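A closer look at the structure
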Amino acid sequence: MVYTNLDSIDFSLDDCASLERPRRVVLTSPDYFDVEYVINPHMSGNIGGVNQPVAMQQWKALRAAYSAVDVEPLIVDGEAGLPDMVFCANQTLPYKTTDGRNGIVLSRMHAPERQNEVPHYAAFFDAIGYDVQSLPEEIDIDFEGMGDAIWHPGRRLLWGGYGFRTDRETYEALAELIDVRVIALSLSDPEFYHLDTCFSALNTDSVLIFPDAFDDEALRLIHRFFDTVVEAPEGESRHQFACNAHCPDGDHVFIQEGCTETVGRLADAGFHPVELDTSEFLKSGGSVFCMKQMIW
Ligand code: ARG
């Protein structure tokens, strides 16, 4: 159920059960957001450097952008002492079973600094009626939720990044736990430490990637399953997190302001880019995609 090379692929997208589009979004308020430690290269030099009022304004604009495309925001409060909690894509992987049950798999954060974020999300999802699942305790594996595990839009198929925050073996356990096929892609550039820093699935046929973050095998797999592969240029990918964009509805693409080249290529591919400023969050190595969690 875990695929790492083209030769092993024995299924097509049509063999994967359809998956309805999630229509609600979880957002965590950045009340205690800051850069207090360095766990990815983007954070270095930024300790104590967040402008909190500006971060709050940027977050509110993101919340308004989701409401404007009819995606309902559910708000989790940030917690004191957990400065990265605002990146709510990382602590869980939401899923829907083929018989319609909603659940989450809890992450096993690689960085000790972030491990105490997870119980807050377990409690939140439990309270809204989601099944809360854990990976088997007897295996020692890291997993950072939707930072690394991304649903193929419209299909019960997962794309999984591994190498920095999530282990390759995690996907065997995950595939079994929630009964899903996983295509696992190796990551090796530390500036692209999560899959969502270099890969954003836009709709069933289209994906936005930074190609140099992937090896040849990964690129072959991506091209096998997406007809349209929009490539973001290096500078915008590395410094402005162009590929940490998010397409909530198959049409609009929320993306860091100033990714001019990428915005043009997305428009050429028929999408409507919406530029948002997440500059305060870039100081911590995150942008739009990691600041939200889509749920059913
Ligand atoms: N400072 C956070 C970390 O390094 C940023 C997480 C961004 N999330 C993401 N999915 N890329 O863990």
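In short, a report on the structure. In this text, all values refer to a predicted model and were calculated from it rather than measured experimentally.

**Considerations on the sheet that holds strand β1 (residues 2-3)**
The strand order across the open sheet formed by four strands is β1-β9-β8-β7, and the pairing between neighbours is mixed. Only two strands of the sheet have a single neighbouring strand rather than two, namely β1 and β7 (149-151). With six bridges joining them, strand β8 (residues 157-162) and strand β9 (residues 181-186) adopt parallel strand pairing. Bridging from a neighbouring strand, G160 pairs with A184 of β9. Relative to the sheet, helix α3 (residues 168-178) contacts β1, β7, β8 and β9, its axis offset from that of β8 by approximately 160 degrees.

**Observations regarding the pattern of salt bridges**
Under the criterion given, the structure shown has eleven salt bridges. Across the pair D14 and R155 runs a salt bridge whose closest N-O atoms are separated by 3.7 Å. Pair noted here: D14 is in the loop between β1 and β2 (24-28) and R155 is in the loop between β7 and β8, with a separation of 141 residues, a long-range link. When its relative accessible area of 65% is taken as the criterion, D14 is described as exposed. With a shortest N-O distance of 2.9 Å, D189 and R238 are connected by a salt bridge. Separated by 49 residues along the polypeptide, D189 in the loop between β9 and β10 (199-203) and R238 in helix α5 (residues 234-240) bring together distant segments of the chain. Under the relative-accessibility criterion, D189 is labelled buried at 18%. Judged by its relative accessible area of 17%, R238 falls in the buried class.

**Observations concerning the pairing of strand β12 (residues 228-231)**
With four bridges joining them, strand β11 (residues 206-209) and β12 adopt parallel strand pairing. Paired with I209 across the strands is E231, a residue of β12. You can see the chain leave β11, run along helix α4 (residues 216-225) and come back into β12, and the turn it takes is right-handed.

**Here's the deal with the packing of aromatic side chains**
As enumerated under the stated definition, the model contains 13 aromatic pairs in all. Among the aromatic residues, those joined into a cluster by ring pairs are Y3, F11, W159, F199, F225 and F226. Sitting over the ring of F11, R181 keeps its end group 4.6 Å from the ring centre. Cation over ring: K292 sits above F289, and NZ or CZ is 3.3 Å from the ring centre.

**Quick look at the side chain of S287**
Counting through the fold element by element, S287 comes out in the loop between α7 (279-282) and β15 (293-295). Setting aside residues up to four positions removed in sequence, S287 forms contacts with F241, N244, Q256, T278 and L282.

**Observations regarding empty space enclosed by the protein**
Tallying each qualifying case throughout the model produces two cavities of 30 Å³ or more. What lines the largest cavity is a set of 14 residues, and nearest its centre among them are F87, N90, R114, Y193 and S284. Split into classes, the residues belonging to the lining of the largest cavity amount to five nonpolar, six polar and three charged. The space that makes up the second largest cavity amounts to roughly 30 Å³. If you go around the second largest cavity, the residues you meet are S29, P30, D31, Y32, F33, G78, E79, L82, P83, M85 and V86. Residues that form the lining of the second largest cavity fall into these classes: seven nonpolar, two polar and two charged.

**Some remarks on the nonpolar core**
In this structure, L93, W151, W159, L185, F199, F214 and I222 are the most contacted members of the largest nonpolar core, which totals 105 residues. Residues in contact with I222, not counting those within four places in the same chain, are W159, L185, F199, V207, I209, F214 and V229.

**Points about the layout of surface pockets**
Empty space within the largest pocket amounts to approximately 370 Å³. Contributing to the lining of the largest pocket are 22 residues, with P22, W151, P153, H246 and C247 lying nearest its centre. Every element with two or more residues in the lining of the largest pocket is listed here: β7 and β10. Considering each element in turn, the lining of the largest pocket owes the most residues, three residues, to β10. Considered class by class, the residues forming the lining of the largest pocket number 13 nonpolar, five polar and four charged.

**Observations concerning the site of the ligand**
Around the ligand lies a shell of 17 residues, among which N40, R114, R165, D196 and S284 are the nearest. Within the side chain of D84, a nitrogen or oxygen atom sits 3.1 Å from a nitrogen atom of the ligand. Residue D196 places a side-chain N or O atom 2.6 Å away from a nitrogen atom belonging to the ligand. Bound to the protein, the ligand loses 100% of the 350 Å² it would expose on its own. The cavity where the ligand resides is the largest cavity. Of the residues in the shell around the ligand, the class split is five nonpolar, eight polar and four charged.

Conventions and cut-offs
- Residues numbered from 1 in each chain as written.
- Predicted model: local features only at pLDDT ≥ 70, side-chain atom pairs only at ≥ 80, totals over all residues.
- Heavy atoms only, no water.
- Pairing = 2+ DSSP bridges.
- Helix = DSSP H or I, 4+ residues; strand = E, 2+ residues; numbered from the N terminus.
- Contact = heavy atoms within 4.5 Å.
- Axes fitted to C-alpha atoms, helices over the stretch in contact; angles between N-to-C directions.
- Salt bridge = Lys/Arg side-chain N within 4 Å of Asp/Glu carboxyl O.
- Buried < 20%, exposed > 50% of the residue type's maximum accessible area, 1.4 Å probe, protein only.
- Right-handed = clockwise from strand over helix to strand, strands pointing away.
- Phe/Tyr/Trp six-rings, centres within 6.5 Å; stacked < 30°, edge-to-face > 60°.
- Lys NZ or Arg CZ within 6 Å of the ring centre and 35° of its normal.
- 1 Å grid on protein atoms, 1.4 Å probe; cavity = no way out; pocket = protein on both sides within 12 Å on 5 of 7 lines; lining within 4 Å.
- Points joined across faces, edges and corners; volume = space filled by probe spheres on them.
- Nonpolar A, V, L, I, M, F, W, Y, C, P; charged D, E, K, R; others polar.
- Core = buried A, V, L, I, M, F, W, Y, C linked by side-chain atoms within 4.5 Å.
- Near = heavy atom within 4 Å.
- Polar contact = N/O pair within 3.5 Å; in protein donor to acceptor, adjacent residues only side chain to side chain.
- Areas by Shrake-Rupley, 256 points an atom, 1.4 Å probe, with all protein chains shown as cover.
- Sits in = over half its atoms within 2 Å of the grid points.

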